[in-house]
Each structure stands twice: as C-alpha cells, then as structure tokens.
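Here are the chains, one letter per residue:
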Amino acid sequence: MTLLLVALVLLAGPACSTVGEQPRAGASDVSEGKPPRPAPPGPFGAYVGYGSGGIRRIAEIDRWLGPATPRVGHAYLLGTQWGYIEGAAGDLEHWAKWRKARADRLFVLNVPMLDRAEAHLSDAVVRDELGRGADGAYDEHFRKLARRLVALGVPDTMLVVGWEMNGITYTHRCGPDPEAWKAYWVRIVKAMRSVGGQRFRFEFAPNRGRDAIPWTKCYPGDRYVDIVGMDAYDQPHGMTFDQQVAEPYGLAAHVRFARAHGKPIAYPEWGLFRNGDNPRYVRGMLNWFAEHRPLYQTISDYCPHGVWWCSGNPRSSAVYRSVLGGPIG
C-alpha cells in the first residue's frame, strides 16, 4: 500500500487442508464458480482510513454486513518524518479508545522503519539508512512509539513493521542490504520490548510472490517475529487465484513457511487490483481464510481494492457481503 496515495484517496472520499506444491484442495471450486464456503472464522476488519473517520467507517461496515462484526481496527503511521513514526499525529488516541471499548477487538498498526518512507531514495541511501538503524541510531524513535502505545492503554497492539519489504515502494525495503535490514528489525523489536508494560506482537508481512527479492531472505528470525503475515492483492493482470496460491513465494509458500517456523499467519492487506471487479478472487481469498484460519485478516477497502467503500466492484462486493454477512460459527 502506498501511504501518500491512500491519504489523498481518503481525503477525496470514495470514488467509487495440507498445503503442498500443487494448488490446495478446493482451489478449483473458485475457478469453477462454486459457492464459497461458510464465513471465515476469527477476527476480520478493513482498512478504511485514519483517525476518527476510519473508526466511523468501521461502524458503517458493521451495519452493512449485518450479523458479522468487524473486530479488527487497522491503521498506519505516516512515514514522512520521525515524529509521525513516533505516533505524534494524534490518530492513535482515537484508535486506542476504539480498541478499549470491547475486549475482543484487535488493533493492528503498520509502522515504517525509516522516515521519508516513500521518497524513492536510491539503493545507496537506503543501504546507508539501514546500516544506521542496525547500529542503533533510531532506537529512541521506536521506544517513544512503544511508550505512547502503552500510555494510551493499547500495549497489546499488533505491529506490522517494515511491511512489503520485498518490494521497491518503501524506503524500508530489504533488497539493498538484507543483512542490515534484518539487524535493524531486531534493534526495533528489542527497543520496543524494552518498554515496561508492553505486550506487543511483531508481524513480518511481505508482498505475495517474489517481487524484488525473495521475502525469505529478509526474515529476521523466530525470536523477533510473532506473526508471519502477507499482503496479497489481486495482481498481476491475468493471474488466476489458483496461480496466486501456487506461485513461488505465494499463498501456499507463506502457509508452509509459517508452519515450519511455528508462527500464526495473518493478512493485513488484501483486495482487488489489476484484474478489476473479480468475484473469483474474493471467493478464493475467503475460502483460503476459512481453510487456513489466520489470526486476522483486513481488506483494504478503498478504490480500486475495496468492496464496501468503493462502488466500482459490485460483483465482488456481493460475494464479500454474502460470505462475511452470514452467521459466523
């Protein structure tokens, strides 16, 4: 997800089984257009904006779905400057209040590893910045964020640090120096765990597929990762859901990797993209969640990815609502 683009979209308002080497059993149900399985178990939610506006939209999605209740709030810290990464923008207060209103809610927060997060800095600059982080230059920024979250009463926040690191969008990308990236991740986790009262869970969440670098080369180690997530949008153009399952570093590889490392899985970002209004993809993802039971999943619900806030995907919206809006066992 590109945060600056998302911010502009939100300001403008809505525009619109065993996993093996072959596709999982049941994946063909999607391509054949068979009805989706029962509603996925466990917590779900949607990313629908920053601050109080996002919280209001979660309530609106709740009403739209009927019996099902979104229990996951998902927010992002802007990475343009260190103050925002420390949580100083004021949005965390709104999310803390929302989280504490019900004991069964989860709060997921994406945390950039570096400022100038989307400035398209050169690999040489990124390499230098990762090295500085690995040497401890930025520890205090993350201690400040940890202290802020604890003081707000959300010490159990799930922190998606340095997401999509296997791509090229963010300054916190892994490719220029994987060893420094991993060492820097460890510094961040140690810094935040050093704050009294915290119960954070740290989530490693690459893009689905290989992207610029195999995401396995960026994994910082089991001691410093609590959840293995994945951002899994419907792309590239022409790729079927079965192919998204079976591709190298794809959905099946993600589940196998997490299982091998004894970690739960999650999907902090998923949604439509290059293949337009694609109900087969939505059925596929919801069936995947029902089968593999992630810790949580949150759809990116703004255009072009969304099914509620974005009006441009009516067929996918109908599938999502029919599955998630049904009774959940």
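Everything that follows concerns the structure shown earlier in this document.
Residues numbered from 1 in each chain as written. Predicted model: local features only at pLDDT ≥ 70, side-chain atom pairs only at ≥ 80, totals over all residues. Heavy atoms only, no water.

Draft legend 1. The environment of R105, seen in detail. Looking at the element boundaries, R105 is found in the loop between α5 (91-100) and β3 (106-111). For the pair R105 and V72, spaced 33 residues apart in the sequence, the C-alpha separation amounts to 5.9 Å. The residues contacting R105, other than those within four sequence positions of it, are R71, W98 and R99. Among the polar contacts listed, one links the side chain of R105 to the backbone oxygen of W98, at a separation of 2.7 Å. (Helix = DSSP H or I, 4+ residues; strand = E, 2+ residues; numbered from the N terminus. Contact = heavy atoms within 4.5 Å. Polar contact = N/O pair within 3.5 Å; in protein donor to acceptor, adjacent residues only side chain to side chain.)

Draft legend 2. Summary view of the sheet that holds strand β6 (residues 227-233). What the eight strands build is a closed barrel, ordered β1-β2-β3-β4-β5-β6-β7-β8; its pairing is parallel. This sheet shows a mean twist of 25° between the axes of neighbouring strands, independent of strand direction. Pairing geometry for strand β5 (residues 201-204) and β6, over two bridges, is parallel. Pairing of F204 across the sheet is with V228, part of β6. (Pairing = 2+ DSSP bridges. Axes fitted to C-alpha atoms, helices over the stretch in contact; angles between N-to-C directions.)

Draft legend 3. Spotlight on the side chain of K263. For K263, the position within the fold is in the loop between α10 (251-260) and β7 (265-271). For the buried K263, which has no salt bridge, the nearest side chain bearing the opposite charge is D222, at an N-O separation of 4.9 Å. A polar contact is formed between the side chain of K263 and the backbone oxygen of D222, at a distance of 2.9 Å. With residues near it in sequence (within four places) discarded, K263 still touches Y219, D222, V225, D226, V228 and A258. (Buried < 20%, exposed > 50% of the residue type's maximum accessible area, 1.4 Å probe, protein only. Lys, Arg positive; Asp, Glu negative; His and termini not counted. Salt bridge = Lys/Arg side-chain N within 4 Å of Asp/Glu carboxyl O.)

Draft legend 4. Inspection of the packing of aromatic side chains at higher detail. Enumeration according to the criterion identifies 25 aromatic pairs in this entry. For the pair F200 and F202, a centre-to-centre distance of 6.3 Å together with 80° between the ring planes defines the contact as edge-to-face. Neither F200 nor F202 differs from the other in exposure class; each is buried. Sitting over the face of the ring of F273, R274 holds its NZ or CZ atom 4.1 Å from the ring centroid. (Phe/Tyr/Trp six-rings, centres within 6.5 Å; stacked < 30°, edge-to-face > 60°. Lys NZ or Arg CZ within 6 Å of the ring centre and 35° of its normal.)

Draft legend 5. Geometry of the state of the cysteines. Counted by the stated rule, this structure contains two disulfides. One disulfide in the model links C174 with C218; its S-S distance is 2.3 Å. Because the sign of the S-S torsion sets the handedness, a value of about -110° for the bond joining C174 and C218 places this disulfide among the left-handed ones. On the criterion of sequence distance, the pair formed by C174 in the loop between β4 (158-161) and α8 (178-193) and C218 in the loop between β5 and β6 is long-range, its members being 44 residues apart. (Disulfide = S-S within 2.5 Å.)

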